[in-house]
Structure formats: structure tokens, C-alpha cells
Amino acid sequence: MRDHRLHATASMAESFYRIFVNRRAYTLQSTRPHPDTGRHYYYRLKARGGEAPPALGLETVQQHLAGELTLGIYAINPHTQRSKWVAIDADYKNALVDLVNLQHELQQDGVEPALEKSNRGGHLWIFFEQPALARDCRVYIYHTALRLGLPIKGAGLPEGLEIFPRQDELGEGEFGNAIRAPLGVHRGARESRGWRFWFYGADYTLGDQLAYLCRVQKVSAALLAGYIAGKTLPDEFVQHAKRPEAPKHYFSSPAKEFRILDYVHVERQVGRNWIGRCPSCAAANRDRSGDNLAISVEAPRKYICWAGCTKEMIRIAVGRPIQEKRYEL
Ligand SMILES: [Zn+2]
């Protein structure tokens, strides 16, 4: 069995913290795969017994770098609505080609993005000298990607680039979306023991990678202001930006209970519902726009197909038919 642990020092953790950490809330990737889906989900640690949830410290970052746990980090500091970085996640067929094109385009602007490998594609990171407003980061990247004709997830496209920060700003008590923190072990990848993904710009050691990230040129506030002057976020992406990370009650239900969210890829939130493709419709090759199924955000046990599929049909379509109740005689 492979062991992905590496030696990580306190000063490496400090560099990482300075570059990537926007706020002290964080998520952890589960070390064990979900029994139904085989996926390693991320979860946020909950407050216990009246205490505040644990805040991200250097020790935890050091464990992440060492490969003992895997962090997810948030893009927005809720007090300032700012981020130290933009990350563009591309995970689809030929995603890497799109990312390299985007990297090239950004370089023409005088930006020096860092490209991190991932499963099928990668993450392109852009760093700022001073934390930048999430809204401004997003305007810049959306316009650059659209100028190149690159697919952006949301607004009807199920696959495409995902841009972090995913929200323009956070409301009270919100966290927005977390992204897998770089340089750690990705537990879902390749083999059950996990896998590390590196940045292309440096040798594949923690020290070389962090030194590279420290010296990568950061975008100044003046440059960013120049790029986005007179621009706003395209209308079709504004609603998408409101989609929170994951349904609030997802992890509170027992693992063996049927959870529709394990089987439906949620594309967006409309009002009080998550919207996705109905599995029963999909089995009949219908609902190609992926918006027939509505799942209650507050109570994800409740869902309905607007085309009229019954709960029984949907359960059969996902391979988890409803068991008839057995009565004791
Ligand atoms: Zn249906």
C-alpha cells in the first residue's frame, strides 16, 4: 500500500497559511468513502456543547501538508468579502486544454497564474497582493473566460469551469464554497489511499512547491481595477452565484437512509429548492435541461418531479426501490 505522508515543517505551514487561508472555518475530506457512493465527501466541523467549531490553525495546516488529513478551504473572508486568490476548477474531458488557454490569456494581461494538476483537469490559481473583493475577482475571470469562448458551469451548462469564489459576497452566517486545499492528499483519487496533485511550476516537493507559490507574481489592486473597469458579472451567472456549497442537512441524516442528493447532481438553487435532472426522466432520456427535479433545501427528504414521475419511479431509477413495509404477524 502506498503511503502519501511527507515531512512538513511549521514554516511550510506558515507559508501555506499566508498564501491560501482566507478565514478560519474549514472543511475536512472524509478518510472513509461513503458506503453508498464510494465518494469521499468534505464536511465542516460542527460546534460541540456550546463551544465554537475549531478554527483553522497552523498545526492543522501542517497535518494537511504532511498528508495526515485533507483540508478544504473557503474563498471568502466574511468580514471583508475578500479573497487572497481566485481558483478556476476544471474537471471534464479536455479540461486541461481550456485551462492552458485561459492561463495563456491571463499571461497576456501580465498575470502569472499557477496551474495545479487534478483528476481530469486542474485548478488554475491567481493570487492577489492584497485580498480582493470576491465580486471583482469573479467579474475579471468570467469576462476573460467568456472572451475565450470557454464553457462556464451553470447558466445551463452542466460541465465547464467553476470559478472560486463562487459567490459575490456572503450573507450573515454563510460560508460559500470550499475548494480542496492544494499540496495535500486527495482521498478520492486513483486509489483508495489517495493521491497528491502538484503545481506544474516547480519540482514535486513541498519545499519547492511552496517557494514557487511565494514567488509567483501577485496581481495588484490597481491592475485588477483596470481589468474590470466598466464591467459587471454577466446576468446569466448571477443566480448561479447564490448556490450554497451543499444542502445544510445533508450530513445530519444517517448514512443508510435513502438520500436523493446522493443520486442527483444539483445544478442550481431556485427559491427554496435545489434543481437537478430527474433520474426517472433521465432513464427515459428526458429532462435534458436537467431541471425537472426539485429538492427542498430545508428538508432534502422532500422532492418532486415536475413531469409527474412518482417517488416509486424515481427510487427504481436510482436502483433503490422503496421496500414495502413488513408487518409483524
Ligand atoms: Zn421525472
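On a predicted model such as this, the values are computed, not experimentally measured, just so you know.

Reading guide: rules and limits
Residues numbered from 1 in each chain as written. Predicted model: local features only at pLDDT ≥ 70, side-chain atom pairs only at ≥ 80, totals over all residues. Heavy atoms only, no water. Phe/Tyr/Trp six-rings, centres within 6.5 Å; stacked < 30°, edge-to-face > 60°. Helix = DSSP H or I, 4+ residues; strand = E, 2+ residues; numbered from the N terminus. Buried < 20%, exposed > 50% of the residue type's maximum accessible area, 1.4 Å probe, protein only. Lys NZ or Arg CZ within 6 Å of the ring centre and 35° of its normal. Donors = N, O, S within 2.8 Å, 3.2 Å for Na, K, Ca; no water. Tetrahedral: all angles 85-135°; square planar, octahedral: opposite > 155°, others 65-115°.

Thoughts on the packing of aromatic side chains
In step 1: Within this structure, the stated rule accounts for 10 aromatic pairs.
In step 2: On the basis of an interplanar angle of 75 degrees and a centroid distance of 5.7 Å, the ring pair of Phe20 and Phe127 is categorised as edge-to-face. Residue Phe20 is found in helix H1 (residues 10-20), and its partner Phe127 is found in strand S6 (residues 122-133); the two are separated by 107 residues along the sequence.
In step 3: An angle of 15 degrees between the planes, with centres 4.6 Å apart, marks the rings of Tyr140 and Tyr227 as stacked. Here the residue Tyr140 occupies a position in helix H4 (residues 134-147), and Tyr227 occupies one in helix H6 (residues 221-228), the gap between them amounting to 87 residues. Across this residue pair, the class does not change: Tyr140 and Tyr227 are buried.
In step 4: An aromatic cluster of three or more residues is present, and its members are Phe16, Phe20, Trp85, Trp125 and Phe127.
In step 5: Positioned over the ring face of Tyr74 is Arg23, at 5.8 Å from the centre of the ring.
In step 6: The aromatic ring of Tyr303 is capped on one face by Lys311, whose charged end is 4.9 Å from the ring centroid.

What to know about the coordination of the zinc ion
In step 1: Donor atoms from the polypeptide that coordinate the zinc ion comprise Cys278 (SG), Cys281 (SG), Cys305 (SG) and Cys309 (SG), at 2.2 to 2.4 Å from the metal.
In step 2: What the 4 donor atoms of the zinc ion show is an angle range of 107 to 113 degrees at the metal, which sorts the shape as tetrahedral.
In step 3: The motif formed by the donor residues of the zinc ion, counted along the single chain, is C-x2-C-x23-C-x3-C. With Cys278 in the loop between strand S12 (273-276) and helix H7 (279-283) and Cys309 in the loop between strand S14 (303-305) and helix H8 (311-317), this residue pair connects regions lying 31 residues apart in the sequence. Assigned by exposure class, Cys278 and Cys309 land together as buried.

Interpretation in functional terms is not warranted from these geometric data alone.
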